[in-house]
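Spelled out, the chains give:
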Amino acid sequence: ALNHLNNSTFIAKEFDLKPSLRENYLLYSNIYEKLGNYKKALAYNNSYIELETEIRSAELIQNLKESYIDFQKYQSDEIIAGKNIVIQRSNQFMIMLGIILLLLIVVLVFAYRSLTFRSRLNKKLDAMVKEKTKELLESNTQLVKSRSELDSFLYRTSHDIRGPIATLLGLTSL
């Protein structure tokens, strides 16, 4: 059994199979204890405990390493999520800004068209007012001319009628 155990220990050491080596040390300790060689049993038992501690420490370190990696991954995910939220808010802000700019452009275009329409309308109205003023001045001139002609007609008519009326009045007085 010791020969097989020695071969197994050699192979475990060569390939760095610590769990197998640990089990071999426990078997050595049990064998030497049954043989009454307590010194060797104690030495192998101590080697077993030392290797057990080393394996447990390695497992603990591995678990701590995995926990740290998980923690780092969690923190990275949190940071990425935070940055995604910032990017999403930034995108929403840009969309809102684009909409506001689009609405501002629409309002400006509408205001420009309204002003140009009013300008054209005012020009047409000014032209119509000038035309009507011109017509009114012409009508006024014709009215003044007609009135002066009427006054002149009345003066001549009254002058022409005065002579015969004075003659008639003189004849009637006679």
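What comes next is a walk through the structure. Source: prediction; values computed, not measured.

1. With respect to the nonpolar core
- With ten residues, the main nonpolar core is built from Leu5, Ala12, Leu21, Tyr25, Tyr28, Tyr32, Ala41, Tyr48, Leu51 and Ile55.
- The set of elements that each furnish at least two residues to this core consists of helix H1 (2–14), helix H2 (18–35) and helix H3 (38–173).

2. Let's talk about the packing of H2 against H3
- At their nearest, the axes of H2 and H3 sit 8 Å apart, and the two run at 160° to each other. It follows from the interaxial angle that H2 and H3 lie roughly antiparallel. Relative to H3, H2 is oriented so that their crossing is left-handed. Along the contact surface, H2 presents Lys18, Pro19, Leu21, Arg22, Tyr25, Leu26, Tyr28, Ser29, Tyr32 and Glu33, while H3 presents Tyr38, Lys40, Ala41, Tyr44, Asn45, Ser47, Tyr48, Leu51, Glu52, Glu54 and Ile55.

3. Here's the deal with the pattern of salt bridges
- As enumerated under the stated definition, the model contains six salt bridges in all.
- Notably, a salt bridge pairs Glu54 with Lys18, separated by 2.4 Å at the nearest N-O pair. Of the two residues, Glu54 is situated in helix H3 and Lys18 in helix H2; the sequence distance between them amounts to 36 residues.
- Given the relative accessible area of 34%, Glu54 is considered partly exposed.

Cut-offs used in this document
Residues numbered from 1 in each chain as written. Predicted model: local features only at pLDDT ≥ 70, side-chain atom pairs only at ≥ 80, totals over all residues. Heavy atoms only, no water. Core = buried A, V, L, I, M, F, W, Y, C linked by side-chain atoms within 4.5 Å. Buried < 20%, exposed > 50% of the residue type's maximum accessible area, 1.4 Å probe, protein only. Helix = DSSP H or I, 4+ residues; strand = E, 2+ residues; numbered from the N terminus. Axes fitted to C-alpha atoms, helices over the stretch in contact; angles between N-to-C directions. Parallel < 35°, antiparallel > 145°, perpendicular 65-115°, else oblique. Left-handed = near helix turned anticlockwise from the far one by under 90°. Contact = heavy atoms within 4.5 Å. Salt bridge = Lys/Arg side-chain N within 4 Å of Asp/Glu carboxyl O.

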